[in-house]
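Notes for the structure review
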Amino acid sequence: MKLVVAIIQPHRLDSVREKLTAIAIAGLTVTEVRGYGRQKGHTEIYRGAEYQIAFLPKLKLEVAVPDSRVDDVVSAITEGSRTGKIGDGKIFVIDLEQALRVRTGETGDNAL
Amino acid sequence: MINTGDTAWIITATALVLLMTIPALALFYGGLVQAKNILSVLVQCFAVACVASVLWFLCGYSLTFSGTGPWIGDLNELLLQSVERGAVHPGLHIPESVFVMYEMTFAAITPALIIGAYVERIKFSAVLLISSLWLLLVYVPVAHWVWGGGFMAAQGALDFAGGIVVHVTAGVSAVVIAVMLGSRHEFPHGIRPPHAPWMVMVGASLLWVGWFGFNAGSALSAGADAGMALLATHLAAATATLVWMAIEWIKFGKPSLVGAVTGTIAGLASITPASGYVGPLAAVLLGALASGICFVAVLLVKRVWQVDDALDVLGVHGVGGALGSLLLPFLTILPGGVALKLSVGAQFGVQATAVVITAIWSIVMTVAITKLAAWTVGLRVDKESETVGLDFHAHGETGYHVNR
């Protein structure tokens, strides 16, 4: 099993969800986060004074999938989130040791 | 004799002016600070309005409006003891009680304007002490000089609704306190942007509406002067808003909301002293000039002087109020203006003298008051409390409990 963690632009959430639904991925967790990558934040101007906004709002998605689905999920998230501009985000794939569905006690791939 | 029309309007205007402090100014300032300091600003505005009201009852009203000595009023109206039910304010057609109350709302908002200079770092005890002393030592004498029959009134100084009495006193004193208190520790490069620009807009909009009571109410009657003040006030605000937006659009490529509503307030502060004396064309011209000059003033204070007048009280209110006070004589020439008793040049001399004396008095007294506060209750919270935020540090509360 793998945990796919993606940092995306907040306004791309709906299109990512559509792509994931289209390949029958059932579970998705979203967290509002702030951060920066190469983009290094941006500048905002209030009353003529420049303010450095180092941490921009992003969304962190977490999807746990069987090994066989990892490539599909990564492509779906990439397609859904890409705008081609700086700040589109990153995707990380992490080994997942165990999963357990709380209601039934099922484990492993059956819990996903 | 009491005129019911005048009385009804001034009671209404009183409510509008109170609305300017709570919640309008509180929201305007509250949206401009960081989320961790929102409540501290709201509490400061609320508390200053209450303190000023009680002081107005104790002796503020008497020292301002009782007696016609050149420097200060007398103590005949101490504790408002002679405000009887049937009393009519001399020279007007409204009850004395309504006049006292209307002027009380001006005494409430003026020290509250200064809050913008010291937010995010001052001790709450210092706010209360400085505001109390400032009301009695700066606002009360200047209001007496101009409106209470003091020496500026005798010289013929014109200030319809408080360009000198309210905005110059508050703006100049604000920058003095900002210098003596010191900057927020992240100033100038690390400060955080306004946490809620929408709240700034709501506050500015309520201020705009309240300002109708402030300026049109200052006619102290429901007649021609009130009507023209209303019209001039609105036009100055609208024009100033558009000009500030245009400046930002040209200079930075985008017109911002915070900039637009800052222009609104600059226009309103500028028209205040002139509102009852000028016509609509003059109001539009003054509104346009107000945004141009206040925009430069804000940059001058923050960038050139590097003074952390955090929410630009001098740049927007002080400079706006002074601008309107100084240009007033020239603007009366335009259609709808009043006939001056003095020549335009002589009136300008009187206005300039009044502005300069008021500014000097405000500086001297505010230095003394702030020093006294520093020696007694102290001025600043420590650096760690400033980092944590004044909401929790000073008031034990948190502005936003979201998903926690």
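A few points on the structure. The structure displayed is predicted, hence computed values, not measured ones. Sequence order as written defines residue numbering, which begins from 1 separately in each chain. All chains are assigned letters beginning at A, and all ligands numbers beginning at 1, according to the order in which they are written. Per-residue local features are limited, in this predicted model, to residues with pLDDT of at least 70; the limit for side-chain atom pairs, both in listing and counting, is 80 or more; totals at the level of whole chains, interfaces and linings are taken over all residues. As a rule here, side-chain values come from all non-hydrogen atoms in the structure, and water together with hydrogens is ignored.

A separate point is the overall build of chain A. In this description a helix means any DSSP run of H or I spanning at least four residues, a strand means any run of E spanning at least two, and both kinds are numbered starting from the N terminus. Looking only at helices and strands, one finds two helices and six strands in chain A. N-terminal to C-terminal, the α/β element order of chain A is β-α-β-β-β-β-α-β. Taken over C-alpha atoms, the radius of gyration is set against a globule rule of 2.2 Å times the number of residues to the power 0.38. Radius of gyration (C-alpha) of chain A: 17 Å, far over the 13 Å computed for a compact globule of 112 residues. Split into buried and exposed, the 112 residues of chain A put 30% on the buried side. Intrachain contacts of chain A at a sequence separation of at least 6 include 71% that bridge at least 24 residues. On chain A, roughly 7000 Å² of surface is accessible, and the fraction owed to carbon and sulfur atoms is 49%. Taken together, the 16 basic and 15 acidic charged side chains of chain A have centroids lying 6 Å from each other. Three exposure classes are used, based on accessible area relative to the maximum for each residue type with a 1.4 Å probe and protein chains only: buried under 20%, partly exposed in between, and exposed over 50%. Two residues qualify as a contact provided that any one of their heavy atoms is within 4.5 Å of a heavy atom in the partner residue. For every accessible area listed, the method is Shrake-Rupley and the probe measures 1.4 Å; residues are considered covered only by the protein chains on display. As used throughout, the charge tally considers Lys and Arg to be positive and Asp and Glu to be negative, leaving His and the chain termini uncounted. The location of each charge is read from NZ of Lys, CZ of Arg, CG of Asp or CD of Glu.

Residues and elements named next belong to chain A. Strand pairing requires that DSSP identify at least two bridges connecting the strands. Here strand β1 (residues 2-8) runs beside strand β5 (residues 56-65); their pairing, made up of seven bridges, is antiparallel. Within β5, the position partnered with Val5 by the bridge is Glu62. Bridge count between strand β2 (residues 29-35) and β5: seven bridges; the pairing is antiparallel. Residue pairing for β5: Val33 is matched across the bridge by Lys58.

Looking now at the environment of Lys302 of chain B. All names here are of chain B. Tracing the backbone shows Lys302 in helix α10 (residues 280-304). Lys302 sits 114 residues away from Pro188 along the chain, and the two C-alpha atoms are 8.0 Å apart. When residues no more than four places from it in sequence are discounted, the contact partners of Lys302 are Phe187, Val307, Asp308, Asp309, Ala310 and Asp312. N or O atoms closer than or at 3.5 Å make up a polar contact, with two conditions inside protein: a donor-capable atom paired with an acceptor-capable one, and, for residues adjacent in sequence, both atoms drawn from side chains. A distance of 3.0 Å separates a polar side-chain atom of Lys302 from the backbone oxygen of Ala310.

Every contact between the two is made by 16 residues of chain B and, on the other side, eight residues of chain A. Across the chain B to chain A interface the summed buried area is about 1200 Å²; carbon plus sulfur atoms make up 58%. Each reported salt bridge corresponds to a side-chain nitrogen of Lys or Arg within 4 Å of a carboxyl oxygen of Asp or Glu. On inspection of chain B and its partner chain A, the count reaches one salt bridge. Arg47 of chain A serves as the salt-bridge partner of Asp312 of chain B, at 3.0 Å between the closest nitrogen and oxygen. Viewed at the interface, chain A and chain B are joined by four residue pairs in polar contact (both at pLDDT 80 or more). When residues of the side of chain B that touches chain A are traced back to their parent elements, those giving at least two are α1 (4-32), α8 (224-252), α9 (257-271) and α10 of chain B. When the residues that make up the side of chain B that touches chain A are grouped by side-chain class, the tally is 11 nonpolar, one polar and four charged. In this description, buried area is defined as the sum, over both parts, of the accessible area (probe of 1.4 Å) that is lost when the two are combined. In this classification, Asp, Glu, Lys and Arg are treated as charged, Ala, Val, Leu, Ile, Met, Phe, Trp, Tyr, Cys and Pro as nonpolar, and every other residue, Gly included, as polar.

With omega at 5°, the peptide bond leading from Ile22 of chain B into Pro23 of chain B counts as cis. For Pro23 of chain B, the position within the fold is in helix α1. Of note in the backbone geometry, Ala24 of chain A takes a positive phi value of approximately 65° without being a glycine. Its location among the elements puts Ala24 of chain A in the loop between α1 (13-22) and β2. Residues other than glycine seldom take positive phi values, yet Glu120 of chain B does so here, at roughly 75°. As for its position among the elements, Glu120 of chain B is in the loop between α3 (96-118) and α4 (124-147).

Nothing here speaks to function; it is all geometry.
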